[in-house]
Structures are given as C-alpha cells and as structure tokens.
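An overview of the molecular structure
The primary structure of each chain is shown beneath.
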Amino acid sequence: GPGYRFEDEPPTTPYRLGDVAMANAGPNTNGSQFFFLTGSGSLRLPPHYARFGTIVDGFDNAQKLESFSRGDGPPSEPLYL
C-alpha cells in the first residue's frame, strides 16, 4: 500500500459509466488504487467507493482494456501502451 489511508467519501448519486472511483479493502482504507466504471455491471456496485473523477475523453479505450478482463486478476494477455 501507499503507507497512508483516508476516510470514505461515499457518492451521493448513483455511479455512471466513465466514473473513476477509489478502490479499498473495507471501511476507511482508501489509498492508492482506483478503477474505471466501464461496463453495465459496475453500475450495480454498492456506494462504498469514493468517486473522484470521470473519463471525459477516450472512454472507448477504457472499454477496450476491459475486453481483456478475466474478472479479478490479470488481463487475459499482456497489454502494452
């Protein structure tokens, strides 16, 4: 981890596609990891993740990255920029 944690800041409105949210390991464990909401399944997340941004350009690229997902874990093949 990053060596620090900060308190939860739950969203007050439902998640939307393109939101950027803070990953955590439970209450008040926010740190250095984040994720993009790119698929419809992500809209069903409970409001436990602080939303701190929105993808404003390149959403199609974020969705392309998601196409290599195997759920929790590494992508189905190496990805390079």
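Here the structure is a predicted model, which is why all the values come from computation and not from measurement. (Residues numbered from 1 in each chain as written. Predicted model: local features only at pLDDT ≥ 70, side-chain atom pairs only at ≥ 80, totals over all residues. Heavy atoms only, no water.)

What to know about the overall build of the protein
What the protein contains, in helices and strands, is one helix and three strands. When the helices and strands of the protein are listed from N to C terminus, the series reads β-β-β-α. By its C-alpha atoms, the protein is 35 × 30 × 20 Å across when sized along the principal axes. Among the 81 residues that make up the protein, the fraction classed as buried is 23%. Across the protein, every contact between residues at least 6 apart in sequence was considered, and the portion connecting residues at least 24 apart equals 52%. Carbon and sulfur atoms make up 55% of the accessible area of the protein, which amounts to about 6000 Å² in all. Side chains of the protein carry 6 positive and 9 negative charges; the gap between the two charge centres is 4 Å. (Helix = DSSP H or I, 4+ residues; strand = E, 2+ residues; numbered from the N terminus. Buried < 20%, exposed > 50% of the residue type's maximum accessible area, 1.4 Å probe, protein only. Contact = heavy atoms within 4.5 Å. Areas by Shrake-Rupley, 256 points an atom, 1.4 Å probe, with all protein chains shown as cover. Lys, Arg positive; Asp, Glu negative; His and termini not counted. Charge placed at Lys NZ, Arg CZ, Asp CG, Glu CD.)

Thoughts on unusual backbone geometry
Within the chain, asparagine 28 stands out as a residue other than glycine whose phi angle is a positive 60°. Within the secondary structure layout, asparagine 28 lies in the loop between strand 1 (19-22) and strand 2 (34-36). Take asparagine 28: its relative accessible area is 39%, and that puts it in the partly exposed class.

Here we look at the environment of tyrosine 49
Note on placement: tyrosine 49 falls in the loop between strand 2 and strand 3 (51-54). The spacing of tyrosine 49 and asparagine 30 is 19 residues in sequence and 8.5 Å in space, taken between C-alpha atoms.

Section: the sheet that holds strand 3
Spatially, three strands are ordered 2-1-3 in an open sheet, and the strand pairing comes out antiparallel. Among the strands making up the open sheet, the edge pair consists of strand 2 and strand 3. Strand after strand, the sheet turns through a mean of 25° between neighbouring axes, direction not considered. (Pairing = 2+ DSSP bridges. Axes fitted to C-alpha atoms, helices over the stretch in contact; angles between N-to-C directions.)

Observations regarding the side chain of aspartate 19
Along the chain, the position of aspartate 19 falls in strand 1. Judged by its relative accessible area of 0%, aspartate 19 is buried. At 2.9 Å, the side chain of aspartate 19 forms a polar contact with the side chain of arginine 51. (Polar contact = N/O pair within 3.5 Å; in protein donor to acceptor, adjacent residues only side chain to side chain.)

Digging into the packing of aromatic side chains
With the rule as written, the count across this model stands at three aromatic pairs. Ring geometry for phenylalanine 34 and phenylalanine 36: centres 5.7 Å apart, planes at 80°, overall edge-to-face. An angle of 80° between the planes, with centres 5.5 Å apart, marks the rings of phenylalanine 35 and tyrosine 49 as edge-to-face. Of this pair, phenylalanine 35 sits in strand 2 while tyrosine 49 sits in the loop between strand 2 and strand 3, placing them 14 residues apart in sequence. Counting every residue linked through ring pairs, the aromatic cluster contains Phe34, Phe36 and Phe52. (Phe/Tyr/Trp six-rings, centres within 6.5 Å; stacked < 30°, edge-to-face > 60°.)

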